[in-house]
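Next come the chains, spelled out residue by residue.
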Amino acid sequence: KALKSLKQYFLGAWVAILTITIVVLFVLMIELSATSKGHTEKLDVMGGNVPSGSVNAPVATVPPSADASYTVPAYWQDAVNEAADKVQGLLDEAGRDAVVFAWFSDVHYDLNAKNTATGAITAAVMDKCNISYAISTGDMLTQSVLGSEEAVVKAYEAAYKMLSPIGSDRLLQVEGNHDGSWGVIDLDGNGKIEDGEHYKFNMTDEKIYNYMFRQHSGDSRRVYGDEGTWFYIDDTASKTRYIMLCDVWSEHTVNEINGAAVYNQMGDYGFGQSQLTWLANEALSFTEGGWDVVIAAHVPISQDSFRDGDVARGILDAFENGTSYKGTSGEKGTWQYVDISVDFSRSHTGEIIGFFSGHVHRDSIYAELPYPVVTITSNVNTSYDEREEKREYGTDNEVAVDFVVVNKRTNEVNIVRLGVGSDRNYKY
């Protein structure tokens with residue numbers, strides 16, 4: 001009986017030891033699994049493959065304020081992929097000598113706009129090809145008459161919501177003659193609204209800045225001029241400077257009786273003393289050689305409709321040729337008067353890749369100046385080119401967006417069209 005009790009004692013002890021061993025091994029397995037998972041997550045993070053929900057996940061590479069949840073309409077997908085493949089092929093050929101940017105103009109957006117895919121399709125190609133900037137050359141708002149300043153503000157909000165996939169830090173824009181203009185007035189009192197009686201009220205430069213340019217104010221890379229409606233930004237990797245000009249600037253004087261603009265920006269185009277001084281002495285000033293410039297404005301500089309266009313062209317010609325320039329325009333003592341003197345013969349200069357504009361609502365390349373002047377058709381369906389293919393909303397020819405690829409080694413520019421129209425190319 002005593003022997004039987006001893007056997008039962010030893011059997012119980014072995015069961016207890018075995019149970020403890022199993023528990024210890026189970027705990028060790030849990031800790032080993034957790035350690036292994038931690039190492040795996042760290043390796044995944046280092047390799048860019050981040051587990052869902054990991055606290056170590058890096059911030060997504062989406063431009064600040066960009067809408068990362070955008071969707072490309074299905075009917076655009078093939079065209080987007082084709083354009084991206086073309087752009088990538090040109091980038092692969094140029095390598096480090098490549099400069100690339102997206103470009104569209106004359107969006108003329110309103111609350112009933114149909115060109116709602118522009119932001120998404122532009123961002124899709126930019127994301128696929130790692131494109132840093134998209135240039136909008138003015139006339140963001142509708143060409144139909146807006147009845148009040150409040151309607152202008154709502155149109156701005158709708159337009160930038162549509163463009164949000166691009167992101168404010170990637171969007172480089174200029175002011176157009178339709179931006180910030182609204183209202184009609186019966187100037188001759190005949191009871192009819194006729195030509196010349198539209199868009200008689202203009203936002204001030206301060207309000208234009210608030211609704212068009214303040215969204216970019218957090219981007220410290222931008223160097224602004226006095227009004228905040230012209231600036232430049234550098235791509236240091238390719239040694240390219242993007243200069244965004246306001247060529248619809250005018251003094252904001254209003255009629256004391258009816259409040260209408262005395263100098264209406266709808267047809268009064270120019271730069272002004274402050275901006276041209278900034279262009280000559282700051283924007284086109286470089287401390288080393290090898291820099292080229294992309295210039296953008298709403299109205300093509302080749303047009304004769306500028307009050308101080310001769311002076312602006314004189315500055316750009318002198319920069320391109322490495323010479324000096326002195327010129328004036330307007331009556332001395334008035335706000336239209338400009339007086340510029342600049343000498344590029346003793347400083348570093350570069351080449352102007354192109355002067356890119358909208359306004360004329362047609363594709364063109366003007367080669368009669370020392371630098372090319374390139375225009376693009378309107379983003380919305382308001383082309384002035386009778387040869388342009390008929391657009392149809394809901395298809396991949398409803399809007400027009402360009403992707404400009406520059407090869408600085410060969411001085412060749414290839415423009416890939418996404419949407420209605422054709423690819424283009426030129427040399428500078």
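The coordinates are above.
Thresholds applied
- Residues numbered from 1 in each chain as written.
- Predicted model: local features only at pLDDT ≥ 70, side-chain atom pairs only at ≥ 80, totals over all residues.
- Heavy atoms only, no water.
- Helix = DSSP H or I, 4+ residues; strand = E, 2+ residues; numbered from the N terminus.
- Contact = heavy atoms within 4.5 Å.
- Pairing = 2+ DSSP bridges.
- Phe/Tyr/Trp six-rings, centres within 6.5 Å; stacked < 30°, edge-to-face > 60°.
- Buried < 20%, exposed > 50% of the residue type's maximum accessible area, 1.4 Å probe, protein only.
- Lys NZ or Arg CZ within 6 Å of the ring centre and 35° of its normal.

Peer 1: Residues and numbers for the environment of Gly259, please.
Peer 2: Mapped onto the secondary structure, Gly259 falls in the loop between β8 (240-244) and α6 (273-283). Not counting chain neighbours up to four residues away, the residues in contact with Gly259 comprise Phe201 and Val254.

Peer 1: An account of the environment of Gly394 is requested, with residue identities and associated values reported.
Peer 2: Topologically, Gly394 is positioned in the loop between β14 (373-375) and β15 (400-407). Separated by 280 residues in sequence, Gly394 and Lys114 place their C-alpha atoms 8.9 Å apart.

Peer 1: Can you lay out the sheet that holds β14 for me, pointing to particular residues and giving the numbers?
Peer 2: Whenever strands of a sheet pair, they do so through backbone hydrogen bonds, lying parallel or antiparallel. Sheet architecture is open: 7 strands sit in the order β6-β7-β8-β9-β12-β14-β13, paired in mixed fashion. At either margin of the open sheet sits one strand with a lone partner, and together these are β6 (223-224) and β13 (364-366). Strand direction decides the pairing type here: β6 and strand β7 (residues 231-235), joined by 2 bridges, are antiparallel. Bridge pairing in β7 links Val223 to Tyr232.

Peer 1: Go over the packing of aromatic side chains, please, and point to the residues and values.
Peer 2: On inspection of all chains with the given rule, the structure shows 17 aromatic pairs. Judged by centre distance (5.4 Å) and plane angle (85°), the ring pair of Phe101 and Phe356 falls under edge-to-face. Here the residue Phe101 occupies a position in strand β1 (residues 98-104), and Phe356 occupies one in strand β12 (residues 352-357), the gap between them amounting to 255 residues. The same class applies to Phe101 as to Phe356, namely buried. Chaining the aromatic ring pairs together yields one cluster made of Phe101, Trp103, Tyr133, Tyr242 and Phe356. A cation over a ring is seen here: Arg241 above Tyr232, with NZ or CZ 3.9 Å from the ring centre.

Read these as geometric descriptors, not functional statements.
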